[in-house]
Amino acid sequence: MAKLELREVIKAFDDKTVCDGIDLDVEVGEMVCLIGASGAGKSTLLRCINLLEPIDDGAIYLDDTDIAEPGFDPLLVRRRVGMVFQSYNLFPHMTAAENVMLAPRRVTGRSRADLKDEAEALFAQFGLVDQMAKYPDQLSGGQQQRVAIVRALAMRPEVMLFDEITSALDPQLVGEVLDALRALKSQGMTMVLATHEMGFAREAADKVCFLKHGRILEEGPAETLFQAPQNAETQAFLARALK
Amino acid sequence: MNKPNAAGMTRRQAFEARQRLRSAVIAATSTVVVASAIIWAVPRAPGWEKVQASFFNAEVFARSFPKLLDAFLINIMIFAWCAPAIAILGLLIALARDVRAPALYPLRILGAAYTDIFRGVPVILTVYLIGFGIPGLGLPRPWNSPYIWGSLALILTYAAYVAEIFRSGIDSVHESQRAAARSLGLSERQVMRDVVLPQAIRRVVPSQMNMLIALQKDVSLLSFIGPVEIFRQAGVFKSLLANFTPYVGAALIFLAVTIPATRYADYLMAKQARERS
Ligand SMILES: Nc1ncnc2c1ncn2[C@@H]1O[C@H](COP(=O)(O)OP(=O)(O)OP(=O)(O)O)[C@@H](O)[C@H]1O
Ligand SMILES: [Mg+2]
């Protein structure tokens, strides 16, 4: 079985069905990109995988365990599945280092001193050592987003979810964040991304899924999907997106 | 371009310096004119002699002022134990009103009822009801002390307002902050304690400063049930010396505390507005 398997996932807000029977397999070490127009349900799907939103029907298997089973402890899932958001959402009252160490301290009960070396290694890996003592408002958008990635990684997640993490950035800062994603991929992290960066999806993704109205209309290897999309909707979307 | 002149200023700086000087001169002149008019006009009012004798009597002032200062220590004392109690109770009520667990639903109702009731009743009425009512049950000393029950009345009333301010602060922390914290595997309690509350409390500091200033003044309401704090002490002097000057003295003492505090609260408020823009 795959690392992450979604089966017939259904999620509705009031009367509006936002995920309408999603099936998706994510293998260990795979990078899966979700593409599709605004409102297609990409963010909602990611939030469901992290149990930030409860799903209405279907199943989500993480290593063969159905985490969407009502009553399943969401904290256990979130400690294994990290998430990074479009708007960084760093905690403004803490330094970058405190942002990163908060969850490990609270969840594993380890002290700051105990965690410091590990945190520093992570910061170093993303070229952020000099920023550790700074507050979020002293950092550029690209640095903030990389700190947010480090913060999620500090919990040693097995899967990472990224929700349009470059969409709020100035164009010249997008590159450094995408580089961080490439680095993660090369380390074998299992990742699911919602993205509007078609170039990046094409180059780096193992699999690309095109979503519309809460359904996956087409999925396949990046090269195939971008070169020779089968579905008419995918063709239309890509024609617009790549223009 | 922008060559410094003899005084080492650029043309723009020199221009702005002239503008500032001009504004200062105009402000000073108009202040002097208005102040002179008041100083000239007030003593010519028909009742001024009488007012001066009964409100601005230097001799009475000198005699009563030190005692008023002493009495003010009692205000400070009552304030000093009420303020932290209010902060803690207010925060607990704010949290109680936000609990999501169904088993704690009664807490939510109690919290809502509490804030409605204590914000709906005039402070002086609460002071009377609790301050006279509870010792009226025939409690033994020291449990019949008006200090205890008067303070409790203030604490209960102010905690209701303070709780609402905390709640507005909690609501002002954006949902995305909670989502980020939850996505890291923090429990609801940890999210509240580590992420939401620190931001919420910072944001409401200026408003809570204003509550402290109001409390400082309302401590005087306890004079109605016994404690001889500054207002009561001024009343004693008034009866003794048949003169209102002690009240003016008391007012000056309050102002000496509340004006700097108000200025400081305004400063914090303005600073926060700047930071957020
Ligand atoms: N909490 C919510 N309550 C009600 N409706 C919601 C909620 N969250 C999302 N929706 C709706 O669900 C639909 C899908 O939203 P979602 O954010 O998942 O789309 P998206 O594909 O991520 O779009 P974008 O590219 O703009 O981020 C939208 O129509 C949105 O209005
Ligand atoms: Mg989205």
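Quick notes on the rules
Each chain has its residues counted from 1, running along the sequence as written. Chains and ligands are labelled sequentially in the order written, the chains with letters from A and the ligands with numbers from 1. At least 70 in pLDDT is required for a residue's local features to be given in this predicted model, at least 80 for side-chain atom pairs to be given and counted, and no such filter applies to totals for whole chains, interfaces and linings, which use all residues. Remark: hydrogens and water are excluded; side-chain values derive from all non-hydrogen atoms of the structure. A run of H or I in DSSP counts as a helix once it spans at least four residues, and a run of E counts as a strand once it spans at least two, with each numbered from the N terminus. A radius of gyration in this sense is built from C-alpha atoms; the matching globule rule multiplies 2.2 Å by the number of residues raised to 0.38. Accessibility here uses a 1.4 Å probe with only protein chains present; expressed as a share of the type maximum, an area under 20% marks a residue as buried, one over 50% as exposed, and anything in between as partly exposed. Residue contacts are defined here by distance: any two heavy atoms, one from each residue, within 4.5 Å place the two residues in contact. Residue burial considers only the protein chains on display, and all accessible areas are found by Shrake-Rupley using a 1.4 Å probe. Neither His nor the chain ends is counted toward charge; the positive residues are Lys and Arg and the negative residues Asp and Glu. All charge positions are set by atom: Lys at NZ, Arg at CZ, Asp at CG, Glu at CD. By convention, the term buried area covers the 1.4 Å-probe accessible surface removed from two parts as they join, with the contributions of both added. Any carboxyl oxygen of Asp or Glu within 4 Å of a side-chain nitrogen of Lys or Arg constitutes a salt bridge here. The definition of a polar contact used here is a pair of N or O atoms within 3.5 Å, where within protein one atom must be able to donate a hydrogen and the other to accept one, and adjacent residues in sequence count solely through side-chain atom pairs. Domain start and stop points were drawn from an automatic or database domain assignment. Strands were regarded as paired on the criterion that DSSP finds at least two bridges between them. Place the viewer so that the strands point away; then a crossover is right-handed whenever the path from the first strand over the helix to the second strand goes clockwise. Each residue is assigned to one of three groups, with Ala, Val, Leu, Ile, Met, Phe, Trp, Tyr, Cys and Pro labelled nonpolar, Asp, Glu, Lys and Arg labelled charged, and all others, Gly among them, labelled polar. Nonpolar side chains (Val, Leu, Ile, Met, Phe, Trp, Tyr) are joined into patches within 5 Å and like charges within 9 Å, using only residues with over 30% relative accessible area and no salt bridge. To qualify as a nonpolar core, a set must consist of buried Ala, Val, Leu, Ile, Met, Phe, Trp, Tyr and Cys residues joined through side-chain atoms within 4.5 Å.

### Things to note about the overall build of chain B
The helix and strand inventory of chain B stands at 10 helices and 0 strands. The C-alpha radius of gyration of chain B comes to 26 Å, more than 25% above the 19 Å expected for a compact globule of 277 residues. Projected onto its principal axes, the C-alpha coordinates of chain B cover approximately 75 × 70 × 30 Å. For chain B, the residues scored as buried account for 38% of the 277 residues in total. Looking at chain B alone, contacts between residues at least 24 apart form 75% of all its contacts between residues at least 6 apart. About 16300 Å² of surface is accessible on chain B, with carbon and sulfur atoms providing 68% of the total. Within chain B, the 15 negative side-chain charges are centred at a point lying 7 Å from the centre of the 29 positive side-chain charges.

### Quick notes on the interface of chain A and chain B
It is common to report an interface's size as the accessible area lost on association of the parts. The interface is formed by 22 residues belonging to chain A together with 18 residues belonging to chain B. With both sides pooled, the region where chain A packs onto chain B buries about 1700 Å², and carbon together with sulfur makes up 59% of that total. Summed over the three residues of chain A that lose the most area to chain B, namely Phe 91, His 93 and Arg 106 of chain A, the buried surface amounts to 33% of that side. Counting the contacts that link chain A with chain B gives 1 salt bridge. Put simply, Arg 106 of chain A and Asp 194 of chain B hold a salt bridge, and the shortest N to O gap is 2.5 Å. Where chain A touches chain B, the interface holds 5 residue pairs in polar contact (both at pLDDT 80 or more).

### Notes on the environment of Pro 102 of chain B
Residue and element names in this part refer to chain B. By the secondary structure assignment, Pro 102 is in the loop between α3 (58-96) and α4 (105-120). Residue Pro 102 is classed as exposed on the basis of its relative accessible area of 69%. With 30 residues separating them along the chain, Pro 102 and Phe 72 place their C-alpha atoms 47 Å apart.

### Focus on the domain arrangement of chain B
Taken domain by domain, chain B holds domain 1 (1-36) and domain 2 (60-276). Here the C-alpha centre of domain 2 of chain B lies 45 Å away from the C-alpha centre of domain 1 of chain B.

### Here we look at the pairing of strand β7 (residues 159-163) of chain A
Residue and element names in this part refer to chain A. Buried residues dominate β7, accounting for 5 of its 5 residues. Burial of the side chains of β7 extends over both faces: Val 159, Leu 161 and Asp 163 are buried on one face and Met 160 and Phe 162 on the other. With 4 bridges connecting them, strand β6 (residues 81-84) and β7 associate as parallel partners. Looking across to β7, one finds that Val 81 is bridged to Val 159. Relative to strand β8 (residues 190-194), β7 runs parallel, the two sharing 5 bridges. Directly across from Asp 163, in β8, lies its bridge partner Ala 194. Handedness of the β7-helix α6 (residues 171-186)-β8 crossover: right-handed.

### Section: the domain arrangement of chain A
All names here are of chain A. Domain boundaries assigned for chain A yield domain 1 (1-80 + 162-243) and domain 2 (92-156). On a C-alpha basis, the centres of domain 1 and domain 2 stand 25 Å from each other. Domain 1 puts 11 residues into the contact, and the matching count from domain 2 is 12 residues. When domain 1 packs against domain 2, close to 970 Å² is buried across both sides, 70% of that on carbon and sulfur atoms. Along the contact surface separating domain 1 from domain 2 lie 1 salt bridge. Across the pair Glu 176 and Arg 146 runs a salt bridge, and its minimum N-O distance is 2.7 Å. Summed over the shared surface of domain 1 and domain 2, the result is 3 residue pairs in polar contact (both at pLDDT 80 or more). Taken together, the residues of the side of domain 1 that touches domain 2 sort by class into 8 nonpolar, 1 polar and 2 charged.

### Topic: a nonpolar patch on the surface
Residue and element names in this part refer to chain B. Taken together, the side chains of Val 51, Phe 55, Phe 56 and Phe 244 present a nonpolar region at the surface, about 330 Å² in accessible area. Along the chain, Phe 244 falls in the loop between α9 (230-241) and α10 (245-276). A relative accessible area of 36% means that Phe 244 is categorised as partly exposed.

### Focus on the nonpolar core
Membership of the largest hydrophobic core comes to 51 residues, with the highest contact counts inside it found for Phe 123, Ile 149 and Phe 162 of chain A. A per-element tally of this core places α6 of chain A first, with 7 residues. Built from parts of two domains, this core gets at least three residues from each of domain 1 (1-80 + 162-243) and domain 2 (92-156) of chain A. One finds Leu 6, Cys 48 and Ile 49 of chain A together with Val 195 of chain B within the second-largest nonpolar core, a separate group that totals 50 residues.

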